[in-house]
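What the coordinates show
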Amino acid sequence: MDASTNKVNYRDLIPRKNGFVFKFIKVGEHFIHTYTEGDFHDRIGISPSAIIGKTLFEFLPEEQAKQKQHFYEIAWSGKTVNYEGSVNDCFYIASLSPLIVDSKVVEVNGTAIDITEEKKNERKIQDMDKLSVIGQLAAGIAHEIRNPLTSIKGFAQIIQERVDQPDVKTYLIIMLDELERMNQIVTEFMVLAKPHEIIDIKKVDVNKLIRSVIQFMEPQSLLKKIRILTSFECSITAFLDEIQLKQVLINLLQNAMEASESTKNCIEIKLKSIDDQHYLIQVKDQGPGMPLEKQNRLFEPFYTTKENGTGLGLLICKQIIDAHKGSIDIISRHGEGTVVNILLPKVFS
Ligand SMILES: Nc1ncnc2c1ncn2[C@@H]1O[C@H](COP(=O)(O)OP(=O)(O)O)[C@@H](O)[C@H]1O
Ligand SMILES: [Mg+2]
């Protein structure tokens, strides 16, 4: 405590960044904050002046204020209490210590540390748990489903070519579409089953790889009347797992096409060398884009806004790019479109 200003140097009390210290007293039935300071205020967007002289109910939503008031009561009864709290998506652990003079609590001192990062990691671990269960299931059943699916699809195709009745032909087209969708879901699950394995690193012509993916997607893009343009600034050869990188590009183009369905604007794929060791693949669409809340959730397993989505496409992309020691960034503007940047090393080590 600095005697001249009566100010607590809260950094002495809190062993890490982004904490805060506070004090309160009880006046009648109300707990009134008499002091607060710390970096955490900037993070939560509530300034000390909005807290000092106020009760919890004056700066927090009612539910949160009630929850905290409960701990304030315990502290005011003379007990030290620790609790986990959150304000505006920031999490902290607070500790309340009553100051007792002549057997009476006269003030409560609170210290809090920011645990937002830890909370985020906890959520990630929970997500990974979900994934590993799915992965095990996928490994077991995906092959079993894919084999009969391939023969059903093959026979449906033969029948479709041979029948003359237009209505039956239409049914078969729908069947083939649905079978393709089933195939796609199973394939995505299979990739998830072995997400971290780089199976087959080879020297690959990246320009050629991108062209072959575009060719593969062409029937769909023609059908949807969406053009896929390329802008290659150079030729790049790199060491990578060709099948996995194709999977990444297919997933990204699929998303870009789904986003461009209503506008019909073209999609652009750029390839450029960044430096001696790195190159960039960029997939850009002029679809509806996404607000920030949505962007924050893109790599969560099963996060989808589509009726028939799996919510696994981008997660798979990230796992593959991570395994290649690259990075994937998504920049989107609501109403303007989305840009996905993939930065990859030319040599795999
Ligand atoms: N290019 C894009 N434009 C707009 N939204 C996108 C784009 N790419 C992905 N998204 C959003 O991210 C979500 C997750 O994508 P993804 O992981 O591929 O799963 P899915 O496509 O099965 O929904 C999508 O449901 C969509 O809301
Ligand atoms: Mg997708």
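Residues numbered from 1 in each chain as written. Chains lettered and ligands numbered in written order. Predicted model: local features only at pLDDT ≥ 70, side-chain atom pairs only at ≥ 80, totals over all residues. Heavy atoms only, no water.

Mapped onto the elements of the fold, methionine 217 is located in helix H6 (residues 206-223). It is 7.5 Å that separates the C-alpha atoms of methionine 217 and isoleucine 250, two residues lying 33 residues apart in sequence. Methionine 217 has contacts with Ile228, Ile250, Leu253, Gln254 and Met257, leaving out every residue within four places of it along the chain. (Helix = DSSP H or I, 4+ residues; strand = E, 2+ residues; numbered from the N terminus. Contact = heavy atoms within 4.5 Å.)

Neighbouring ligand 1 are 17 residues; Asp285, Thr304, Thr305, Lys306 and Thr310 lie closest to it. Contact between ligand 1 and threonine 304: an oxygen atom at 2.5 Å from a side-chain N or O atom of the residue. Between leucine 314 and ligand 1, the recorded distance is 2.9 Å, taken from a backbone N or O atom to an oxygen atom. Considering ligand 1 on its own, with 530 Å² of exposed area, one finds that the protein chains cover 93% of that surface. Contributions of two or more residues to the shell around ligand 1 are made by helix H7 (242-260) and helix H9 (313-323). The class makeup of the residues in the shell around ligand 1 is six nonpolar, eight polar and three charged. (Near = heavy atom within 4 Å. Polar contact = N/O pair within 3.5 Å; in protein donor to acceptor, adjacent residues only side chain to side chain. Areas by Shrake-Rupley, 256 points an atom, 1.4 Å probe, with all protein chains shown as cover. Nonpolar A, V, L, I, M, F, W, Y, C, P; charged D, E, K, R; others polar.)

By size, the foremost hydrophobic cluster in this structure holds 40 residues, and its most contacted members are Val206, Leu253, Tyr279, Ile281 and Ile342. Residue assignment for this core shows that the elements contributing at least two residues are H6, strand E8 (237-241), H7, strand E9 (267-273), strand E10 (278-285), H9, strand E11 (327-333) and strand E12 (337-345). When residues of this core are assigned to their parent elements, the largest contribution, seven residues, is made by H7. The residues contacting isoleucine 342, other than those within four sequence positions of it, are Val248, Leu252, Tyr279, Leu280, Ile281, Ile321, Ser327 and Ile328. Counting residues in hydrophobic clusters, the runner-up holds 25 residues, among them Phe59, Tyr92, Val105 and Val108. (Core = buried A, V, L, I, M, F, W, Y, C linked by side-chain atoms within 4.5 Å. Buried < 20%, exposed > 50% of the residue type's maximum accessible area, 1.4 Å probe, protein only.)

What follows is about the sheet that holds E12. Taken in spatial order, the five strands of this open sheet run E7-E9-E10-E12-E11, and their pairing is mixed. The strands lining the two open edges of the sheet, one partner per strand, are strand E7 (228-232) and E11. Adjacent strand axes in the sheet meet at a mean angle of 15 degrees when their direction is disregarded. Pairing of E9 with E10 involves six bridges; the strand directions are antiparallel. Pairing of isoleucine 269 across the sheet is with valine 283, part of E10. In the packing of H7 onto the sheet, the strands contacted are E7, E9, E10 and E12, and the crossing angle to E10 comes to about 25 degrees. (Pairing = 2+ DSSP bridges. Axes fitted to C-alpha atoms, helices over the stretch in contact; angles between N-to-C directions.)

It is worth spelling out helix H3 (residues 62-76) at this point. Given a rise of 1.5 Å per residue, 15 residues ought to cover 21 Å, and the 20 Å separating the end C-alpha atoms of H3 matches this to within 8%. Among all positions in H3, only Ala65, Lys68, Phe71, Tyr72 and Ala75 are buried. Along the long axis of H3, the arc covered by the buried residues comes to 125 degrees, so they all point the same way. Seen from the buried face of H3, the exposed residues on the opposite side, beyond 90 degrees, are Glu62 and Glu63. Where H3 is buried, its residues touch strand E1 (20-27), strand E2 (30-37), strand E3 (81-87), strand E4 (90-101) and strand E5 (104-114). (Expected span 1.5 Å × (residues − 1). Arc of directions from axis to C-beta.)

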